[in-house]
Structures are given as C-alpha cells and as structure tokens.
Amino acid sequence: MHVFIAGGAGYIGSCTTEYLLDHGHQVTVFDALLNGHRQAVDPRANFVKGNLAELDVLEAAVEQARPDGIIHFAAFIEVGESMKDPLKYFRNNVANAINLCQAAADNGVRKVVFSSTAAVYGMPRHLPIAEQEPKQPINPYGESKLMFEKILDWQHQLRGLQYTALRYFNAAGATQAHGEDHHPETHLIPLVMQAATGERRQIFIYGDDYDTPDGTCSRDYIHVLDLAQAHLLALESDYCGSLNLGTGGGNSVKQVIDAVRRVCGHDIPVEIAPRRPGDPARLVADSAAAKRILGWKPQFENLDAIVESAWAWKQRHPHGYQE
Ligand code: UFG
C-alpha cells in the first residue's frame, strides 16, 4: 500500500511511518513541522511540508501520492492548552481535519485511520472502559477528537468512506529510531526520565490522595509500536467504527517512577503536588474489540519493557531531535 500520513513527523506518526516502511509499504508524510521534527521523518518516506489548513497544498500532495489509505495524526494534543485556547483545538483538530476528509473524497481514497483518544470518555463510570461507555469529554481536546470521529462516521454513512478511529490510552515507549520529544513536555514518562538525568530538579506527583492502592493516578500505558501495528491492521481491515487501544492493565504514577528508577539506575527526586484538574483516578482500556476485529496482538505488556525502550532512545538522543 501507499499510505499518506498527516502528522508523520510527530511521536506516534513517526513510529507508525517506520513500522509501515519496515512492513514493505510506501509512505508519504505530510507535516507542517509546527510540533513535529524534520529529523523524525523516516528518510525512506516522501516528505511534503504542509499544513492541513491549506487545502490546495493538501489536495496537490494527496493527488500526487494517490494513496490507498490516509492516517491522520496531525492534531494538537495538550489537554491543558485546550482549556486555555479552545478555538485553537477546534480549528485544527476539526476544521483543518475536514480538509483531509475532503482531499480523501476528491481523490477516491478508500480508507482513513484516525488517531483518537481515551479523552473522548471524560470521567468514565465503568472500568475497564469499553467503546460503548458514554462519550462525555471534559476538555476541548477530547471534544475535538470526538467531533471528528462523528464527521468521519457521517462521511461513512453518506459518502461510503471507510474509517477506523483508534482511541489510544497512554502512548509510551520508543523504537530504535523514533521517540517522544514534545515541547513543552507534559507526559509522565519523559518527565520522569528528565528528573532521572538531572534535566529537571524533581518530578511532581499530581496528587497522592486518589482512591487507588498507592493514592496516585493509574493509567494504561501502551507501547507506540503496538499502536503502530494497530494502524496497519486498521488500514487492511474493512471495519468502520471506533476501537480502544490499551493493554488492559494499569500502572500508577509511583509505579512509573519506580520503573524508570529500576531501568536507568538513577535516583529520582519526587515531590507531592496538588491534583491536576481533570485527571480521572484510573483509566484502563477494554481492548477486546480491537483484538477480535483487527486481530491486534500487543507485544509489550510490561511497563519495564516500555520504559526500557524509552530510556534507550533517550540515551541515543539526550537532547531529543536536533531539528
Ligand atoms: N503526572 C504527574 N506528574 C507529571 C506529569 C503527569 O503526576 O509531571 C500524572 C498525571 O497527573 C496523570 C499521569 O501522570 O495521572 C499521566 O499523565 P500524562 O500527562 O502523561 O497523561 P494523561 O493520562 O493525562 O493523558 C493521556 C494523553 C492525552 C489523552 C489522555 C486520555 O497524553 O493526550 O491520556 O485520557 F487525552
């Protein structure tokens, strides 16, 4: 297949690009490099620098690539920022994403795979979370992702577009070549690694009075290569709808810090801070549907292995990407 990857210079986009190329597919990466990195674009991929907001540039790139499928990763992802600047999120994650749908329709692209999120569920009532759980986002980020899922579904019903929306839980880990390098960094594992190397003085634990065994929030950390595998399976599948991607297990903030300590062997100064607004105590995926429908088989079920891959990438890229 030739796959057009919007956002292929970002964290999950670059790892998925690498995975598809390793599996014999051709990839065109389309990325504005606002948050992505030029160095994260796999050298085997075609690269077009462009923004989804520019419909003519996007249309030309899709027409040139004539892809069999499109994967859409090109979204803003910071929950906190979305609370401060909601229109930034709706403009890019909804309005600009509609341009991608338009380009897919105009060029007869069969399938779109969309990078969605557990944030569509808001504060879930039942654990583990299945796809049928009520979708009640509590921030514009989650709402923008849910809105685009619905747009894809209407395109499916009325225009015959095939689509799969993949709702990731906490993406983590790295490949040999590609890893996580956000500016600013807000995600737990990279921040804990920065505390381990002394790049930051300590890691703040946002709340230790949650209703969990050790009082800190628990999340379902899923390896980025397992996410990549699911994207390829979704492209190959005729299934249309939304699927959760997680391991079905949970690790607390303290367990993550302990895992990083074990893997890197450094002391990690920790400080307890107030709760971060909007954090549910626990998020765990029920991914039975993705396993059954796509034949998805996650390979990394153990937090230490996930952290080891992230730590190995960080040692090779101590300051992240250079460009
Ligand atoms: N945390 C800390 N200290 C930090 C950073 C994070 O204690 O310095 C805690 C958070 O409070 C949370 C956990 O670590 O309990 C994980 O936090 P992340 O920011 O790494 O991830 P989130 O679970 O908040 O968010 C992730 C994705 C979002 C997505 C969300 C879905 O990054 O894009 O899951 O629920 F929206």
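Keep in mind the model is a prediction, meaning the values are calculated, not measured.

In this section: the pairing of strand 5 (residues 111-117). Of all the seven residues making up strand 5, seven are buried; the element is thus mostly covered by neighbouring parts of the structure. Residues Lys111, Val113, Ser115 and Thr117 of strand 5 are buried on one face, and the alternating residues Val112, Phe114 and Ser116, pointing to the opposite face, are buried as well. One ladder, built from four bridges, connects strand 4 (residues 69-72) with strand 5; its direction is parallel. Bridged to His72 within strand 5 is Phe114. Here strand 5 pairs with strand 6 (residues 162-168) via seven bridges, running parallel. Note that in strand 6 the partner of Val112 across the bridge is Tyr163.

So, about the site of the ligand. If you check the shell around the ligand, you find 22 residues, and the closest are His187, Phe204, Arg219, Arg276 and Asp279. Between the ligand and the protein, one listed contact pairs an oxygen atom with a backbone N or O atom of Leu188 at 2.8 Å. Protein chains bury 90% of the 690 Å² of accessible surface belonging to the ligand in isolation. No other element matches strand 8 (residues 203-206), which puts four residues into the shell around the ligand. Here the shell around the ligand is built from residues that sort into 15 nonpolar, four polar and three charged.

Okay, the pairing of strand 6 next. Along strand 6, seven of the seven residues are buried, which leaves the element largely enclosed by surrounding structure. Neither face of strand 6 is open: one carries Gln162, Thr164, Leu166 and Tyr168, the other Tyr163, Ala165 and Arg167, and all of them are buried. Alignment of strand 6 against strand 11 (residues 241-245), held across five bridges, turns out to be parallel. Among the inter-strand pairings, Tyr168 is bridged to a residue of strand 11, identified as Leu245.

Moving on, we come to the packing of helix 1 (residues 11-22) against helix 7 (residues 224-236). Remark: helix 1 packs on helix 7, axes separated minimally by 9 Å, with the N-to-C direction vectors making an angle of 65°. Seen along the crossing, helix 1 lies across helix 7 with a hand that is right-handed. In this structure, helix 1 uses Tyr11, Ile12, Cys15, Thr16, Tyr19 and Leu20 to contact helix 7, whose residues at the interface are Val224, Leu225, Leu227, Ala228, Gln229, His231, Leu232 and Leu235. Among the residues making up the contact of helix 1 with helix 7, the classes are represented as eleven nonpolar, three polar and no charged.

What follows deals with the domain arrangement of the protein chain. Along its sequence, the protein chain is carved into domain 1 (2-172 + 221-244) and domain 2 (188-219 + 249-316). Counting from both sides, the interface comprises 26 residues of domain 1 and, opposite them, 27 residues of domain 2. Summed over both partners, the interface of domain 1 with domain 2 comes to about 2,300 Å²; 70% of that surface belongs to carbon and sulfur atoms. Looking at the side of domain 1 facing domain 2, the largest losses of area belong to Tyr221, His223 and Asp226, adding up to 29% of the total buried there. Summed over the shared surface of domain 1 and domain 2, the result is zero salt bridges. In this assembly, domain 1 and domain 2 are joined by nine residue pairs in polar contact (both at pLDDT 80 or more). Within the residue set of the side of domain 1 that touches domain 2, elements represented by two or more residues are strand 7 (170-172), strand 10 (221-223), helix 7 and strand 11. Broken down by element, the side of domain 1 that touches domain 2 gets its largest block of residues, six residues, from helix 7. The class makeup of the residues in the side of domain 1 that touches domain 2 is 18 nonpolar, six polar and two charged.

Criteria and thresholds
Residues numbered from 1 in each chain as written. Predicted model: local features only at pLDDT ≥ 70, side-chain atom pairs only at ≥ 80, totals over all residues. Heavy atoms only, no water. Buried < 20%, exposed > 50% of the residue type's maximum accessible area, 1.4 Å probe, protein only. Helix = DSSP H or I, 4+ residues; strand = E, 2+ residues; numbered from the N terminus. Pairing = 2+ DSSP bridges. Near = heavy atom within 4 Å. Polar contact = N/O pair within 3.5 Å; in protein donor to acceptor, adjacent residues only side chain to side chain. Areas by Shrake-Rupley, 256 points an atom, 1.4 Å probe, with all protein chains shown as cover. Nonpolar A, V, L, I, M, F, W, Y, C, P; charged D, E, K, R; others polar. Axes fitted to C-alpha atoms, helices over the stretch in contact; angles between N-to-C directions. Left-handed = near helix turned anticlockwise from the far one by under 90°. Contact = heavy atoms within 4.5 Å. Domains from an automatic or database assignment. Buried area = accessible area lost by both parts, 1.4 Å probe. Salt bridge = Lys/Arg side-chain N within 4 Å of Asp/Glu carboxyl O.

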